[in-house]
Amino acid sequence: MTIITVTYNSSAVVESLLRSIPSSVPCILVDNASRDAADTRSLAAAYGASFIANPQNTGFGPACNQGAAQADTEFLFFVNPDAELFEDTLEHLLAAADAHPKASAFNTRIVKDDGSLFFKRRSKLIPKSLWLGRNAAKQDGEVPVLSGGALLVRKSAFDHVGGFDPKIFLFHEDDDLSLRLKSECGPLRYVFGAKVKHLLGHATERSARTAALKAWYMGQSRVYGARKHGLPFGFLRALGEASLQLISPLNLVSARKRSKNWYYFRAILSSAGQQSADRPPPWQQD
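Asks: Can you explain the nonpolar core? Please cite residues and give values.
Replies: The biggest cluster of nonpolar side chains holds 30 residues, and the ones touching the most others in it are I3, L29, F77, L85 and F106. It is helix α4 (residues 89-99) that provides the largest number of residues to this core, a total of four residues.

Right, here's the structure in full:
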């Protein structure tokens, strides 16, 4: 397999990932015009990883596609830069892939920094009838969607569906990819025995501006994805939820929360007639 990770001002966390990858496994870092790109390049060189530097931020999915285009292995393993592999992570993943040859892609068990689990059991892009219960995280099994934070996919399947949708800059791109893989290539599976430690939310800096940036693309992707996959009233549902978040009392005490909810609301409004989810936020528009 080839491990692919996308970095954006992630030099403070990506070394733990690089250190945990066996030296025999190729790794590709795609950097989305980070301020600390030189530091990340140095880390990649120190650990024998390939490094691709984008002159501008192309978005998560398109950067993943760049990395995948450079790989020639049977499997691609997309991992967030703030993750860390366990000694037997890859062994368990490959064993699961061998045991379930019809499955197109797999998720590991994601262990948060406090020891609790993160498990993607639902998505805004599927009906609630397909959401899983919390106990599904305690055993192997098929799942309706996968998290892009630690996603193993057969390269043949990834190429067949065209990889990540380049019209999605950030958020819901893994949901969209999952649905296309499941529909066209084969089931999605959760591998309980394969573990990845994940700091969740530490891949990029935390600030009101970063929160606004993420919220903007999350809002756009929410509406675009709902339309793409034929969910009824996708725009109106998203607008209703965004409106409720906008009047939350927490906005009064947290500048970060206030910025996040305001730009999420604005993004959904601006998506009323859009056919993509890659329009830059207002402060970056000409």
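Asks: Lay out the pairing of strand β6 (residues 105-112) in plain terms, naming residues and giving numbers.
Replies: When you tally the buried positions in β6, you get seven out of eight residues, the bulk of the element. Direction of pairing for β6 relative to strand β9 (residues 150-154): antiparallel, over a ladder of three bridges. Bridging from a neighbouring strand, A105 pairs with V153 of β9. Examined bridge by bridge, β6 and strand β10 (residues 188-198) share eight bridges and lie parallel to one another. Looking at the pairing, F106 lines up with R189 of β10. In terms of strand pairing, β6 meets strand β7 (residues 117-118) through two bridges, oriented antiparallel.

Asks: Pulling in residues and values, what's your account of the pairing of strand β3 (residues 50-54)?
Replies: As paired strands, strand β2 (residues 27-32) and β3 are joined by five bridges and run parallel to one another. Note that in β3 the partner of L29 across the bridge is F51. Of the crossover connections in this fold, the one passing from β2 over helix α2 (residues 37-46) to the parallel β3 is right-handed.

Asks: Just give me the short version of the side chain of T40, but keep the residues and values in it.
Replies: Structurally, the position occupied by T40 is in helix α2. Given a relative accessible area of 0%, T40 falls into the buried group.

Asks: Account for the side chain of D174, with residues named and values stated.
Replies: Along the chain, D174 turns up in helix α6 (residues 173-184). At 3.2 Å, the side chain of D174 and the side chain of K120 are in polar contact. In this structure D174 touches K120, L146, S147, G148 and F164, once residues within four positions along its chain are discounted.

Asks: Describe a positive patch on the surface, listing the residues and the values that go with them.
Replies: A surface patch of positive charge is lined by R122, K128, R134 and R237. Along the polypeptide, R122 turns up in the loop between β7 and β8 (141-142).

Asks: Provide a residue-level description of the packing of helix α8 (residues 234-246) against helix α9 (residues 255-270), including the pertinent values.
Replies: Contact pair α8 / α9: the axes reach a minimum separation of 9 Å and the direction vectors enclose 155 degrees. With respect to each other, α8 and α9 are oriented roughly antiparallel. By crossing handedness, the relation of α8 to α9 is classed as left-handed. Every residue of α9 that contacts α8 at F235, A238, L239, A242, S243, Q245 and L246 is listed here: N261, W262, Y264, F265, I268 and L269.

Asks: Tell me about the state of the cysteines, and please be specific about residues and values.
Replies: Tallied over the entire structure, the rule returns zero disulfides. In this model C27 remains outside any disulfide bridge; the closest cysteine sulfur is found in C64, 12 Å from its own. Its relative accessible area of 6% is what places C27 among the buried residues.

Asks: Talk me through the packing of aromatic side chains; I want residue IDs and the actual numbers.
Replies: The full count for this structure, using the stated rule, is eight aromatic pairs. Ring geometry for F158 against F164: centres 5.8 Å apart, planes inclined by 70 degrees, an arrangement best described as edge-to-face. Each of the two residues, F158 as well as F164, counts as buried. When the centroid spacing of 5.2 Å and the interplanar angle of 85 degrees are considered together, the rings of Y263 and W283 count as edge-to-face. Taken together, the positions of Y263 in helix α9 and W283 in the segment after α9 put the pair 20 residues apart, joining distant regions of the chain. When its relative accessible area of 17% is taken as the criterion, Y263 is described as buried. With relative accessibility at 27%, the residue W283 sits in the partly exposed group. Sitting over the face of the ring of F192, R109 holds its NZ or CZ atom 3.7 Å from the ring centroid. One cation-aromatic arrangement involves K195 over F86; the distance from NZ or CZ to the ring centre is 4.3 Å.

Conventions used here
Residues numbered from 1 in each chain as written. Predicted model: local features only at pLDDT ≥ 70, side-chain atom pairs only at ≥ 80, totals over all residues. Heavy atoms only, no water. Core = buried A, V, L, I, M, F, W, Y, C linked by side-chain atoms within 4.5 Å. Buried < 20%, exposed > 50% of the residue type's maximum accessible area, 1.4 Å probe, protein only. Helix = DSSP H or I, 4+ residues; strand = E, 2+ residues; numbered from the N terminus. Pairing = 2+ DSSP bridges. Right-handed = clockwise from strand over helix to strand, strands pointing away. Polar contact = N/O pair within 3.5 Å; in protein donor to acceptor, adjacent residues only side chain to side chain. Contact = heavy atoms within 4.5 Å. Patch = residues over 30% accessible without salt bridge, like charges linked within 9 Å, V, L, I, M, F, W, Y side chains within 5 Å. Areas by Shrake-Rupley, 256 points an atom, 1.4 Å probe, with all protein chains shown as cover. Salt bridge = Lys/Arg side-chain N within 4 Å of Asp/Glu carboxyl O. Lys, Arg positive; Asp, Glu negative; His and termini not counted. Charge placed at Lys NZ, Arg CZ, Asp CG, Glu CD. Axes fitted to C-alpha atoms, helices over the stretch in contact; angles between N-to-C directions. Parallel < 35°, antiparallel > 145°, perpendicular 65-115°, else oblique. Left-handed = near helix turned anticlockwise from the far one by under 90°. Disulfide = S-S within 2.5 Å. Phe/Tyr/Trp six-rings, centres within 6.5 Å; stacked < 30°, edge-to-face > 60°. Lys NZ or Arg CZ within 6 Å of the ring centre and 35° of its normal.

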